[in-house]
Amino acid sequence: AVADKNGQIIGMLTNRHLIISQGQSPVRLVMQINRAHSADELNGITRILPGIVQHILNSGARADVISRVITAVSDTVLHKLMEFALQELGPPPAPFVFIVLGSEGRGEQTLKTDQDNAIVYADMPDEETNRAAENYFLKLGTLVCNRLNSAGYDFCTGNIMASNPQWCQPLSRWKEYFRNWVYTSETSGLLNSTIFFDFKAGFGNADLTNDLRAYLFELLNQRGESFFYHMVSCALLMRLPVGMFGGFSVSSVGEQQHVFDIKKAMMPLVDYARIYALENRIAHTNTFERFEKLYEKGILNTHDF
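For every chain, the first residue of the written sequence is number 1, and numbering continues from 1 along that sequence. Only residues with pLDDT of 70 or above have their local features reported here, since the model is predicted, and side-chain atom pairs are shown and tallied only from 80 upward, although totals for entire chains, interfaces and linings are computed over all residues. The side-chain numbers reported here are obtained from all heavy atoms of the structure, hydrogens and water having been left aside.

## Brief notes about the packing of helix α9 (residues 206–236) against helix α10 (residues 262–279)
It is at 9 Å that the axes of α9 and α10 come closest, and there the two elements cross at 155°. Regarding the angle of α9 to α10, the classification is roughly antiparallel. Here α9 and α10 pass one another in a crossing that is left-handed. Contacts between α9 and α10 involve Leu216, Phe217, Leu220, Phe228, Met231, Val232 and Ala235 on the former and, on the latter, Asp271, Arg274, Ile275, Leu278 and Glu279. For this classification, Asp, Glu, Lys and Arg are treated as charged, while Ala, Val, Leu, Ile, Met, Phe, Trp, Tyr, Cys and Pro are nonpolar and the rest, including Gly, are polar. Looking at the contact of α9 with α10 residue by residue, the classes come out as nine nonpolar, no polar and three charged. The axes are straight lines fitted to the C-alpha atoms, using for helices just the contacting stretch, and the angles between their N-to-C directions are given from 0 to 180°. Helical segments are the DSSP runs of H or I of at least four residues, strand segments are the runs of E of at least two, and each set is numbered from the N terminus. Each angle is binned into one of four classes, with values under 35 degrees roughly parallel, values over 145 roughly antiparallel, values of 65 to 115 roughly perpendicular, and all other values oblique. Here is the rule for handedness: rotate from the far helix to the near one, and if that takes an anticlockwise turn smaller than a right angle the crossing is left-handed, while a clockwise turn gives right-handed. Throughout, a residue-residue contact means that at least one pair of heavy atoms, one from each residue, lies within 4.5 Å.

## Digging into α10
With 18 residues, α10 ought to run about 26 Å at 1.5 Å a step, and its terminal C-alpha atoms sit 26 Å apart, in line with that. Maximal helix bending in α10 amounts to about 25°, located at Pro268. Note on classification: 1.4 Å probe, protein chains only; a residue is buried when its accessible area is under 20% of the maximum for its type, exposed when over 50%, partly exposed between these limits. For α10, the full list of buried residues reads Met267, Val270, Asp271, Ala273, Arg274, Ile275, Ala277 and Leu278. Each element contacted by the buried residues of α10 is listed here: α8 (187–196), α9 and α11 (287–296). A positive phi of about 55° marks Arg281, the residue just after α10. Each residue after the first adds 1.5 Å to the expected span of a helix. We define the bend at each residue as the angle formed by axes fitted to the 7 residues ending at it and the 7 residues starting at it.

## Considering a nonpolar patch on the surface
Think of a patch as exposed residues, more than 30% relative accessible area, with no salt bridge, where like charges cluster within 9 Å and nonpolar side chains (Val, Leu, Ile, Met, Phe, Trp, Tyr) cluster within 5 Å. Using a 1.4 Å probe, accessible areas were evaluated by the Shrake-Rupley method; residue-level cover was limited to the displayed protein chains. Should a side-chain nitrogen of Lys or Arg be within 4 Å of a carboxyl oxygen of Asp or Glu, the pair is scored as a salt bridge. Side chains of Val2, Ile10 and Leu13 sit close together on the surface and give an oily, nonpolar patch of about 280 Å² of accessible area. In this structure, Leu13 sits in the loop between β2 (9–11) and α1 (15–21).

## Some points on the sheet that holds strand β6 (residues 200–204)
Sheet strands associate in pairs through backbone hydrogen bonding, adopting either a parallel or an antiparallel arrangement. An order of β5-β4-β3-β6 is seen for the four strands of this open sheet, with the pairing classed as mixed. Two strands bound the open sheet, and with one partner strand each, they are β5 (168–170) and β6. Averaged over all adjacent pairs, the angle separating strand axes in this sheet is 30°, with direction ignored. Along the sheet face, helix α6 (residues 127–151) touches β3 (96–100), β4 (117–121) and β5 and points at about 155° away from the line of β4. Here, any two strands with at least 2 DSSP bridges between them count as paired.

## Digging into the pattern of salt bridges
Following the criterion strictly, the structure yields 14 salt bridges and no others. Note that Glu289 and Arg68 form a salt bridge whose closest N and O atoms lie 3.7 Å from each other. Of this pair, Glu289 sits in helix α11 while Arg68 sits in helix α4 (residues 63–89), and the two are 221 residues apart along the sequence. Here Glu289 falls in the partly exposed class, since its relative accessible area comes to 25%. Residue Arg68 is classed as partly exposed on the basis of its relative accessible area, which comes to 38%. Between Arg131 and Glu127 there is a salt bridge; the shortest N-O distance is 3.4 Å. In this pair, Arg131 and Glu127 are both assigned in helix α6, four residues apart and thus about one turn of the helix distant. According to the relative accessible area criterion, Glu127 is exposed, its value standing at 59%. Each member of the salt-bridge network shares a partner with another, and the members are Arg106, Glu108, Asp198, Asp271, Arg274 and Arg290.

## With respect to the packing of α8 against α9
Closest axis-to-axis distance for the α8/α9 pair is 10 Å, and the angle between their directions is 85°. The angle between α8 and α9 falls in the class roughly perpendicular. When α8 is examined against α9, the residues Leu190, Ser193 and Thr194 are found in contact with a partner set consisting of Phe227, His230, Met231 and Cys234. Within the contact of α8 with α9, the residues separate by chemical class into four nonpolar, three polar and no charged.

Printed below as a string of structure tokens:
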């Protein structure tokens, strides 16, 4: 409560006012993104993020909290850009969902990250409507991916983006993709599964992602034993950045000389959680949440960590 010199209450100061008054606040940044009136206002918006992360790091925040803050900002940017794009292109011809993959799909983004996304849309009744939907959603994916790049989320070097026709497909085609990846032991299929099986709805109709995940679990019920054998074999090939005597191993050549690759160090944990979560039909994609659910189900215990 705020009082005047006579002790009379004249106003109220809330935690919201305190948060907004801070220059380095993730809440303030999210509000700024939501207040944008055009996509151009979001160009380079992520340049503000490192200062915010430094501020909350200095405040003693845990790594998982920081990761969730970064992911929350990217989710907000995506939502806003999708709204602008839909206003420009008009109503979509079919239900759809813009899915995010990999680290963003797990809610584990870092400051230096690129795009991994795709579009899933409902199957159309005939060739003509399917062609119209294909053209619309490819335009949508291209527009949004370009604007994400302008906002500070770099294009994926592997072209795993909704602007790529291969990853902008109806639900039936996505089910074909998933089936091929589960039923074959090719390296490309296993690599795709580590990226695409960590998916979540970024914007749109979440029922499509639920349908796709249910289909994935159905495939694993049929072919899981062989698939997991190859997944585990592939994960065990990952070389940890640890030296002969147990110390950290750093790069010895190139621009990254003397740099410790923390992402490479974390990947075995991410793979471990993914394999166990898929095997036990856990829908969560975040690594921490996967471990928590596995612990709750009694599949893992404290000795396994």
